[in-house]
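Chains, contacts and geometry: an overview
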Amino acid sequence: VDGRELPFAEVRTLKQLLGGSMIDVILTIMARSMGKWHTKHRLHGVQELMTLVPVNLRKPEAWTEAANIGNVATGILVPLPIRLRDPLETYREIHRRMEAKKADPATAAAPLLAELLSVIPRRLMNWMAEATVGNIDFIVTNVPGILVPRYLAGAEIVAAYPFAPVAMKSPVSVALYGYRETLFIGLDSDETSMPDVETFKTMIVGAFEELRQAVGGKPRRRKAQHSTEKRKPQT
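The following refers to the structure shown.

1. Overview of the overall build of the chain
Counting secondary structure elements, the chain contains seven helices and eight strands. Across the 235 residues of the chain, 37% fall into the buried class. In the chain, once contacts between residues fewer than 6 apart in sequence are set aside, the share between residues at least 24 apart is 71%. Surface summary for the chain: the accessible area is close to 13700 Å², and the carbon and sulfur share equals 56%.

2. A look at the environment of Ile94
Residue placement: Ile94 occurs in helix H3 (residues 87-103). Residue classification places Ile94 among the buried residues on the basis of a relative accessible area of 2%. Residues Ile94 and Asp24, spaced 70 residues apart in sequence, show a C-alpha to C-alpha distance of 6.4 Å. Once you skip the residues sitting within four places of it in the chain, Ile94 turns out to touch Asp24, Leu27, Thr28, Ala31, Leu80 and Pro81.

3. Re the packing of aromatic side chains
Using the criterion set out here, one finds two aromatic pairs in the structure. For the pair Tyr161 and Phe184, a centre-to-centre distance of 5.0 Å together with 75° between the ring planes defines the contact as edge-to-face. Taken together, the residues Tyr161 in the loop between strand E6 (155-156) and strand E7 (172-179) and Phe184 in strand E8 (residues 182-189) connect sequence positions 23 residues apart. Looking at Tyr161, the relative accessible area reads 34%, which means it is partly exposed. Geometrically, the ring pair formed by Tyr177 and Tyr179 is stacked, given 6.4 Å between the ring centres and 10° between the ring planes. Accessibility expressed as a relative area gives 2% for Tyr179, which makes it buried.

4. Overview of the packing of helix H2 (residues 22-40) against H3
Two packed helices can be described by the angle between their axes and the distance between those axes. Contact geometry for H2 and H3: axes closest at 9 Å, N-to-C directions at 125°. With respect to H3, the element H2 is oriented oblique. Crossing angle aside, the handedness with which H2 passes H3 is right-handed. For the pair formed by H2 and H3, the contact residues are Ile23, Asp24, Val25, Leu27, Thr28, Ala31 and Arg32 on the first element and Pro87, Thr90, Tyr91, Ile94, His95, Met98 and Lys102 on the second. In the contact of H2 with H3, the residues fall into eight nonpolar, three polar and three charged.

5. Points about the pairing of E7
Among the eight residues in E7, eight count as buried, and that is most of the element. The sheet contact formed by strand E4 (residues 138-146) and E7 spans six bridges and is parallel. Counted as the bridge partner of Thr141 is Ala175 from E7. The pairing of E7 with E8 spans eight bridges and is antiparallel. Residue pairing in the sheet places Ala175 in a bridge with Gly186 of E8. Where E7 folds back on E8, the antiparallel hairpin that results is connected by two residues, among which Arg180 adopts a positive phi of roughly 55°.

6. Some thoughts on the pattern of salt bridges
This structure, assessed with the given rule, holds twelve salt bridges. Glu48 serves as the salt-bridge partner of Arg97, at 3.0 Å between the closest nitrogen and oxygen. You can see Arg97 sitting in helix H3 and its partner Glu48 sitting in strand E2 (residues 48-56), a full 49 residues away along the chain. The salt bridge partner of Lys102 is Glu99, with a shortest N-O separation of 4.0 Å. Here Lys102 and its partner Glu99 are both found in helix H3, three residues apart, which amounts to about one turn of the helix.

7. Considerations on the side chain of Arg32
Mapped onto the elements of the fold, Arg32 is located in helix H2. Here Arg32 falls in the buried class, since its relative accessible area comes to 11%. Setting aside anything within four residues of it in sequence, one finds Arg32 in contact with Leu84, Arg85, Asp86, Pro87, Thr90, Ala207 and Glu210.

Rules of the game
Residues numbered from 1 in each chain as written. Predicted model: local features only at pLDDT ≥ 70, side-chain atom pairs only at ≥ 80, totals over all residues. Heavy atoms only, no water. Helix = DSSP H or I, 4+ residues; strand = E, 2+ residues; numbered from the N terminus. Buried < 20%, exposed > 50% of the residue type's maximum accessible area, 1.4 Å probe, protein only. Contact = heavy atoms within 4.5 Å. Areas by Shrake-Rupley, 256 points an atom, 1.4 Å probe, with all protein chains shown as cover. Phe/Tyr/Trp six-rings, centres within 6.5 Å; stacked < 30°, edge-to-face > 60°. Axes fitted to C-alpha atoms, helices over the stretch in contact; angles between N-to-C directions. Parallel < 35°, antiparallel > 145°, perpendicular 65-115°, else oblique. Left-handed = near helix turned anticlockwise from the far one by under 90°. Nonpolar A, V, L, I, M, F, W, Y, C, P; charged D, E, K, R; others polar. Pairing = 2+ DSSP bridges. Salt bridge = Lys/Arg side-chain N within 4 Å of Asp/Glu carboxyl O.

See the structure below:
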């Protein structure tokens, strides 16, 4: 396990400039990083990585009318393009794919499916897990950030690195958590397939700088919505 940090405020600014969601920005940075890492290791045949992205499907009205129901989390499987030349093109393609996945009715059914899986025999569940997880190349998960200090047993928490399990066939899994003014990145890597995790950490910072330089300008204006429509919460 290892970790890296990015300036949380600047990542949020990128989200505003690009007009999408935080997970779109994060996936773009990770796609660019993985693309550079594959190139360094001459893995030129890999064009996409099937990526598991945990998201919250909580309906807009639940944020105010039923605030005590908690999140409705599920996992979206999305092919992450790692070979596109332009960082903005990468962002637009990832944003398009994520929006299509979120709108897919099968995605909304995933939490119910997870509940059903909890009552089937253990041996059958293990077989199904191997059959599905075996198709995952990469895991990227983002935990919603907290901008104010937190304390544990009277001591101020100064850093918090989340970690996600490494998927089969994947060199690394990435988990992110925004705390105060820092985006903490937890890296859980397979040292056999990714012995150079320090290099990958440098590539994450490089991909972030690359996207920041490519954006520039002012925040994108969103299209006006009718007053009767409810705006979807951003992931």
